[in-house]
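# Structural description and commentary
What follows is the residue order along each chain.
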Amino acid sequence: MHIRRTVTAAVTTAAVAALGLAGAVPAQAVEYSSALKIKGVQYDAPGRDSNKCSGGNTKNEYLTIKNYSKTATVNLKDYKVKDAAGNSFTFTKNHTLQPGDQVSLRGGRGTDSDAGNVAYRQNCNFIWNNDKDTIYLYKPGGARADVHSYTKSANDKDGNGYITYHG
């Protein structure tokens, strides 16, 4: 019986591949074993981009990270966010997300707040490209928690600069 199951699994895998179904799932559809996921990104801040620390709009470019666990509380300390070019931000302070809670990681300078669900990169440069980019979220040990790629033309049909990944 054990041999038959192996053969059946191999035949099923071959049949799926023959139908062209094996490659139908995009790479970012992979679900990682992490309670934290990228909920969405405001990759293009409204208005004309200005990375001035005073009066600029980098704070209007943000990444929303949500705790999708129904029971686990997660501390963001040592989680890392990175783009395709290698620009990165590591949460160096404790920032606790209760089940269902989320945080907006904003550009610019500001005061982090657990109660306000906001953290600032303390950097006035934009991190996300306005045309296309890849967003990586890493756990403290370096394992990937989530990843999403986007292009403005393919993923932002309404042109508002915001893309939702996990609802």
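Keep in mind that what you see is a predicted model, and the values were worked out from it rather than measured.

### Comments concerning the sheet that holds strand β8 (residues 118-120)
Strand order in the open sheet formed by five strands is β8-β7-β2-β1-β11, with mixed pairing between adjacent strands. Only two strands of the sheet have a single partner each, and these edge strands are β8 and β11 (162-164). In this sheet, adjacent strand axes meet at a mean angle of 25° when their direction is disregarded. Sheet topology note: the strand β1 (residues 36-42)/β11 ladder contains three bridges and is antiparallel. Within β11, the residue paired with V41 across the bridge is I163.

### Concerning the environment of K77
Within the fold, K77 resides in the loop between β3 (74-75) and β4 (80-83). Judged by its relative accessible area of 35%, K77 is partly exposed. Along the backbone, K77 and K139 are 62 residues apart, and their C-alpha atoms lie at a distance of 9.3 Å.

### What about the side chain of Q42?
Structurally, the position occupied by Q42 is in strand β1. Within the structure, the side chain of Q42 is placed 2.8 Å from the backbone oxygen of D44, a separation counted as a polar contact. Within polar-contact distance, the side chain of Q42 engages the backbone oxygen of G161 at 3.2 Å. The residues touching Q42, leaving out its near neighbours within four places in the chain, are N60, E61, Y62, W128, N160, G161 and Y162.

### With respect to the confidence of the model for the protein chain
Summary statistics for the protein chain give a mean pLDDT of 84 and a share of 81% for residues scoring 70 or more. In this model, residues 1-29 is a region of pLDDT below 50 whose contacts with residues beyond four sequence positions or in other chains number six contacts.

### Topic: the packing of aromatic side chains
If you walk through the whole model with that rule in mind, you get four aromatic pairs. The interplanar angle of 85° and the centroid separation of 5.0 Å between the aromatic rings of F89 and F91 together place this pair among those described as edge-to-face. Judged by its relative accessible area of 3%, F91 falls in the buried class.

### Notes on unusual backbone geometry
In this structure, N117 is a non-glycine residue whose phi angle is positive, near 50°. Of note, N117 is situated in the loop between β7 (102-106) and β8. Residue classification places N117 among the partly exposed positions, given a relative accessible area of 25%. Positive phi values are uncommon outside glycine, yet Q122 reaches one of about 55°.

Reading guide: rules and limits
- Residues numbered from 1 in each chain as written.
- Predicted model: local features only at pLDDT ≥ 70, side-chain atom pairs only at ≥ 80, totals over all residues.
- Heavy atoms only, no water.
- Pairing = 2+ DSSP bridges.
- Helix = DSSP H or I, 4+ residues; strand = E, 2+ residues; numbered from the N terminus.
- Axes fitted to C-alpha atoms, helices over the stretch in contact; angles between N-to-C directions.
- Buried < 20%, exposed > 50% of the residue type's maximum accessible area, 1.4 Å probe, protein only.
- Polar contact = N/O pair within 3.5 Å; in protein donor to acceptor, adjacent residues only side chain to side chain.
- Contact = heavy atoms within 4.5 Å.
- pLDDT = per-residue confidence, 0-100.
- Phe/Tyr/Trp six-rings, centres within 6.5 Å; stacked < 30°, edge-to-face > 60°.

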